[in-house]
Structures are given as C-alpha cells and as structure tokens.
Amino acid sequence: MELKLDHLSKTYANGVKALDDVSITISNGMFGLLGPNGAGKSTLMRTIATLQEADTGEAYLDQLNIFESPIELRKILGYLPQSFGVYPKMNAYDLLHYLGELKGISNKKERDTIVASALELTNLYDVRFKEVAGYSGGMKQRFGIAQLLLNKPKLIIVDEPTAGLDPAERQRFLNVLREIGTDNIVIFSTHIVDDVKELCTDMAIMNGGKLLLHKTPKQAVKALDGCIWGKTIQREELENYESEYRVISSGFKDDHSLFVRVFSSDSLAHTFEPKQPNLEDAYFVALKEHQTEESITDEVA
Ligand code: ADP
C-alpha cells in the first residue's frame, strides 16, 4: 500500500500554521514522524485520520481519495490518539468484545478469534480478565493497540504512544508495534529519537508544520558521514563555540566541562576529533537548519 500526501496545509483560526505544504509518500512498514512538541505531528495525523480538515491539499491511500471518502478510509484505519480517554469499569476481554460489536463484527465466534489474537499480539492475554481502568500506562497503550486491531486495519496511526512510559513499558510497547508493522502502513509520532532508531524502516523529521527531512534512519545517519566533530570544552566557552561553529548538541561531562558535537562538512580536525554520526545528530542538524532558515526569512521580512 501507499499513502500519498499532496501539498497539505492547515492554518488554525489563531493564525498558527500547523501544516505548511506537506507532501510525502509512505509505503508499508514502520514510519516514524519525529519532531518536537508543537511541530504539527498531531495535526498531520488527525488530518490523515479524517478527524479534521486541511485547508488545501489531497491525500490518497492507493486509489482511495481519503478526504472525499472518509467512511471508506475509516473502515481500514486504526487510530490511537494521544490520550485515549476514560476507560469504563470493564475487563479487557469484555471491552474488546463490546468494541468489536460496535465495529460491526456481529458473529460471536469470529469476534472471539479476533479478540484473542489482538490480546495475544499485545501481550495482554494473561491479564484479559482484569479491569482496563486498573492497567498501568503501558498496558493501557497496548490495549489501545488491541482495540484498533479489531477491524484489521491497513493504515495504523499512533500519536505519541511512548510519551510517559517507563523504559521497560516503552520496550514492550515498541515490540508490539514491531509485530504489527510488517504488512501495514504504521505511522507513529514521537519526540524520542531512540523510538525511531529502534523501530522504523522510514522516517520524517517535522517542525513548524514543515517536513524537514524524509529518509530511512540509515540514510539520515549516512548523509552525515565525515560531518560530525566533537570536543570537550569548559562550560563558559560554549557561547564562543556556538558563535563560531554549528554546535548541534552539548552534554555535561562533569561540573565544569561539556562535550559538544558540531556539524561541519569541512574538516575541523585541527580543533575537534571526528565522531561517528548518529540519528540524534541527524535530528538536531535538521532542526537547527530549519531554525536558521526561519531566522533568515524573518530578517528579510
Ligand atoms: P505536535 O503534535 O507536533 O505537538 P500539534 O499538531 O499538536 O503539534 O500542534 C501544532 C501547532 O498547532 C502548535 O503550535 C499548536 O499549539 C497548534 N494547535 C494545535 N491544535 C490547535 C487548535 N485546535 N487550535 C489552534 N492551534 C492549535
């Protein structure tokens, strides 16, 4: 399958441009939409899920015109919003059967098979008779996946699912996504670079409503080969380095020193040591380039 977004733009009533001419084609597999808070990720996902309208642009899932046929789209869509809301006092097994009925799976035997397989895939089978309201955050997120699997979706959209999960729950959740990502398009948004590194076959970086980069994680890292330089400096030197070099990240080493990573396609071997690029570098380089472009545009305007 292929999801094709064509020149999507959206400005909210308060003047915020949350989508700025977004065009991209996404194929089967796990697609990570990476960006800081306020980047426009949720707006993009809700637009694809036909829960809100873009001002301009089109979207197709293979031949299906999504905005013209929202009902057709929803039949094959699984969507997990950022917060799934309040859970009734029901166990997972009963709740999935109830939701399955709502989704039109009226045959009890067929529903049984689907519910059991959703519970197994999300590792909730053993706790299926416990109330969902009492589940941990990670279990609730996995339940969210179980419910969206009921109608065997072809396009799965999951909005910031790992936010707030502890490391063990996050791993369990990513494993579940990994299982379901092979035969479908799974789009999931996150501001955690490691989520994308561990999971995604394809990704885009977004900020200010714009797609800044669309590459596989491997390609994004490879594009920075020979361009990342590192050095330990004193804390008070940071400002100087920032004015002279394109510092992309800095981390404390101890009370007085910092390790800075710098982007430069020209050799900085006289001052810095060469570093292996990583996905975090790719993320920060894309964000910093965008910031610089914005400030140049602001100056011109
Ligand atoms: P993300 O999911 O990446 O955090 P969002 O799509 O939620 O980003 O938001 C993008 C921008 O649009 C932000 O500046 C946000 O404050 C703004 N925004 C989101 N929803 C609305 C809304 N309903 N009305 C006005 N502004 C909104």
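Residues numbered from 1 in each chain as written. Predicted model: local features only at pLDDT ≥ 70, side-chain atom pairs only at ≥ 80, totals over all residues. Heavy atoms only, no water.

Tell me what's going on with helix 1 (residues 41–48), and back it up with residues and numbers.
For helix 1, the buried fraction is high: seven of the eight residues fall into the buried class. Along helix 1, the positions that sit buried rather than exposed are K41, S42, T43, L44, M45, T47 and I48. After helix 1 finishes, the residue T50 shows a positive phi value of roughly 60°. (Buried < 20%, exposed > 50% of the residue type's maximum accessible area, 1.4 Å probe, protein only. Helix = DSSP H or I, 4+ residues; strand = E, 2+ residues; numbered from the N terminus.)

So what's going on with the site of the ligand? Residues and values would help.
Around the ligand, the neighbouring residues are Y12, N14, V16, A18, P36, N37, G38, A39, G40, K41, S42 and T43. One of the side-chain N or O atoms of N14 is found 3.2 Å from a nitrogen atom in the ligand. K41 has a polar side-chain atom sitting 2.9 Å from an oxygen atom of the ligand. Coverage of the ligand by the protein chains reaches 65% of its 560 Å² of free accessible surface. Looking at which element gives the most residues to the shell around the ligand, the answer is helix 1, with three residues. (Near = heavy atom within 4 Å. Polar contact = N/O pair within 3.5 Å; in protein donor to acceptor, adjacent residues only side chain to side chain. Areas by Shrake-Rupley, 256 points an atom, 1.4 Å probe, with all protein chains shown as cover.)

Tell me about the pattern of salt bridges, residues and numbers included.
One pass over the full model with this rule turns up 13 salt bridges. Residues K41 and E160 are paired through a salt bridge, measuring 3.5 Å at the closest nitrogen-oxygen approach. A residue pair is termed long-range when its members are at least 10 positions apart, and K41 in helix 1 and E160 in the loop between strand 7 (155–158) and helix 6 (167–180) qualify at 119 residues. Both residues of the pair, K41 and E160, belong to the buried class. With a closest N to O distance of 3.3 Å, K89 and E131 form a salt bridge. (Salt bridge = Lys/Arg side-chain N within 4 Å of Asp/Glu carboxyl O.)

Explain the packing of aromatic side chains to me, using residue names and the numbers behind them.
In this description, an aromatic ring pair is defined by two values, namely the gap between the centres and the angle between the planes. Under the definition given, this model contains five aromatic pairs. On the basis of an interplanar angle of 55° and a centroid distance of 5.4 Å, the ring pair of Y93 and F129 is categorised as tilted. Of this pair, Y93 sits in helix 3 (residues 92–102) while F129 is found in the loop between helix 4 (108–121) and helix 5 (137–149), placing the two residues 36 residues apart along the sequence. Connected via pairs of aromatic rings, a cluster forms that spans Y241, Y245 and F272. (Phe/Tyr/Trp six-rings, centres within 6.5 Å; stacked < 30°, edge-to-face > 60°.)

So what's going on with the pairing of strand 8 (residues 185–190)? Residues and values would help.
Extensive coverage of strand 8 is indicated by the burial of six of its six residues. Residues of strand 8 alternate between two faces, with I185, I187 and S189 on one and V186, F188 and T190 on the opposite face, all of them buried. In this structure, strand 3 (residues 29–34) lies alongside strand 8, joined through six bridges in parallel fashion. Considered in strand 8, the bridge of G29 is made with I185. Across four bridges, strand 7 lies against strand 8 in parallel orientation. (Pairing = 2+ DSSP bridges.)

Describe the domain arrangement of the protein chain, and please don't skip the residues or the numbers.
Per the domain assignment, the segments making up the protein chain are domain 1 (2–215) and domain 2 (222–300). A C-alpha centroid distance of 34 Å is found between domain 1 and domain 2. Across the boundary between the two partners, domain 1 contributes 14 residues, which contact nine residues of domain 2. Carbon and sulfur atoms make up 78% of the area that domain 1 and domain 2 hide from each other, which totals about 930 Å². Looking only at domain 1, the three residues that lose the most surface to domain 2 are V193, I205 and L212, adding up to 44% of its buried area. Linking domain 1 to domain 2 there are zero salt bridges. Our enumeration of links across domain 1 and domain 2 arrives at zero residue pairs in polar contact (both at pLDDT 80 or more). Elements that contribute at least two residues to the side of domain 1 that touches domain 2 include exactly helix 7 (193–199), strand 9 (202–207) and strand 10 (210–215). (Domains from an automatic or database assignment. Contact = heavy atoms within 4.5 Å. Buried area = accessible area lost by both parts, 1.4 Å probe.)

Would you mind going over the pairing of strand 2 (residues 17–27) in detail, with residue names and values included?
Inspection of the sheet shows strand 1 (residues 2–11) paired to strand 2 by seven bridges, in the antiparallel sense. Counterpart to L5 in the pairing with strand 2 is I24. Following strand 1, the chain reverses through five residues before pairing antiparallel with strand 2; G15 in that reversal takes a positive phi of roughly 95°.

Describe the packing of helix 3 against helix 5, listing the residues and the values that go with them.
Their axes nearest at 9 Å, the elements helix 3 and helix 5 cross at an angle of 35°. Read as a crossing pair, helix 3 and helix 5 show a hand that is right-handed. Between helix 3 and helix 5, the residues in contact are A92, L95, L96 and L99 and F143, A146 and Q147, respectively. Split by residue class, the contact of helix 3 with helix 5 holds six nonpolar, one polar and no charged. (Axes fitted to C-alpha atoms, helices over the stretch in contact; angles between N-to-C directions. Left-handed = near helix turned anticlockwise from the far one by under 90°. Nonpolar A, V, L, I, M, F, W, Y, C, P; charged D, E, K, R; others polar.)

Would you mind going over the sheet that holds strand 3 in detail, with residue names and values included?
Read across the open sheet, the six strands follow the order 6-7-8-3-9-10; overall the sheet is mixed. Looking at which strands have only one partner, the edges of the open sheet turn out to be strand 6 (77–80) and strand 10. Within the sheet, the average angular offset between the axes of one strand and its neighbour, ignoring direction, is 15°. Both strand 9 and strand 10 contribute to a ladder of five bridges, which runs antiparallel. Bridge assignment links A204 to a residue of strand 10, and that residue is H214.

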